[in-house]
Amino acid sequence: QVQLVESGGGLVQPGGSLRLSCAASGMIFRRYVMGWYRQAPGKQRELVACLDTSGRTVYADSVKGRFTITRDNAKNTVYLQMNSLESEDTAVYYCSAGLSMPAADYWGQGTQVTVSV
């Protein structure tokens, strides 16, 4: 079965950077749209970024210019590079996969990102 395992979360100061990774298994990775979502306390889960099989990307307005989603099909891994982090980016970040946008068929367990002084 499909498994998505995130890593790379943690505590970072405002203005700092983190890179999240998501290792996928149990699927033909190159055929899937991959995504990152996040859920802050008391809020609904929201799309952060998606990357399809042709390289097309979609980003939430709040992260455009700061976050970058990439994938390495040889390693079955998707990444989220997060720069210029703000306190509002604090959330649990989830890796996701699907056969089409918005890549919401399969989910990882989540990784906590906390942006604080």
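Now for a look at the structure at hand. Quick caveat, the model's predicted, so the values are computed rather than measured. (Residues numbered from 1 in each chain as written. Predicted model: local features only at pLDDT ≥ 70, side-chain atom pairs only at ≥ 80, totals over all residues. Heavy atoms only, no water.)

1. Concerning the nonpolar core
Then, number 1: Of all hydrophobic cores here, the largest spans 31 residues; its most connected members are Leu-4, Met-27, Met-34, Trp-36, Leu-80, Met-82 and Tyr-93.
Then, number 2: Put simply, the parts of the chain that give this core at least two residues each are strand S3 (18–25), strand S4 (33–39), strand S5 (46–51), strand S7 (67–72), strand S8 (77–82), strand S9 (91–98) and strand S11 (111–115).
Then, number 3: Every residue in contact with Met-27, bar those within four places of it in the chain, is listed here: Val-2, Leu-4, Tyr-32, Met-34 and Ala-97. (Core = buried A, V, L, I, M, F, W, Y, C linked by side-chain atoms within 4.5 Å. Buried < 20%, exposed > 50% of the residue type's maximum accessible area, 1.4 Å probe, protein only. Helix = DSSP H or I, 4+ residues; strand = E, 2+ residues; numbered from the N terminus. Contact = heavy atoms within 4.5 Å.)

2. Some thoughts on unusual backbone geometry
Leave glycine aside and you will find that most residues have negative phi; peptide bonds, for their part, are mostly trans.
Then, number 1: A cis amide bond links Met-101 to the next residue, Pro-102, at an omega of 5°.
Then, number 2: Phi angles above zero are rare outside glycine, and Asn-76 is one such case at about 50°.
Then, number 3: Take Asn-76: its relative accessible area is 25%, and that puts it in the partly exposed class.
Then, number 4: Even without a glycine there, the phi angle at Ala-103 is positive, about 55°.

3. Some words on the pattern of salt bridges
Then, number 1: For the structure on display, the rule yields six salt bridges.
Then, number 2: Residue Glu-46 pairs with Arg-38 through a salt bridge whose shortest N-O separation is 2.7 Å.
Then, number 3: With a relative accessible area of 34%, Glu-46 lands in the partly exposed category.
Then, number 4: Between Arg-66 and Glu-86 there is a salt bridge whose closest N-O contact spans 3.9 Å. (Salt bridge = Lys/Arg side-chain N within 4 Å of Asp/Glu carboxyl O.)

4. With respect to the environment of Leu-85
Then, number 1: Along the polypeptide, Leu-85 turns up in the loop between S8 and S9.
Then, number 2: Between the C-alpha atoms of Leu-85 and Pro-14, which are 71 residues apart in sequence, the distance is 5.4 Å.
Then, number 3: When near neighbours in sequence (up to four residues on either side) are disregarded, Leu-85 contacts Val-12, Pro-14, Gly-15, Gly-16, Ser-17, Leu-18, Arg-66, Phe-67 and Val-115.

Honestly, that's just the spatial picture; any functional story needs more than this.
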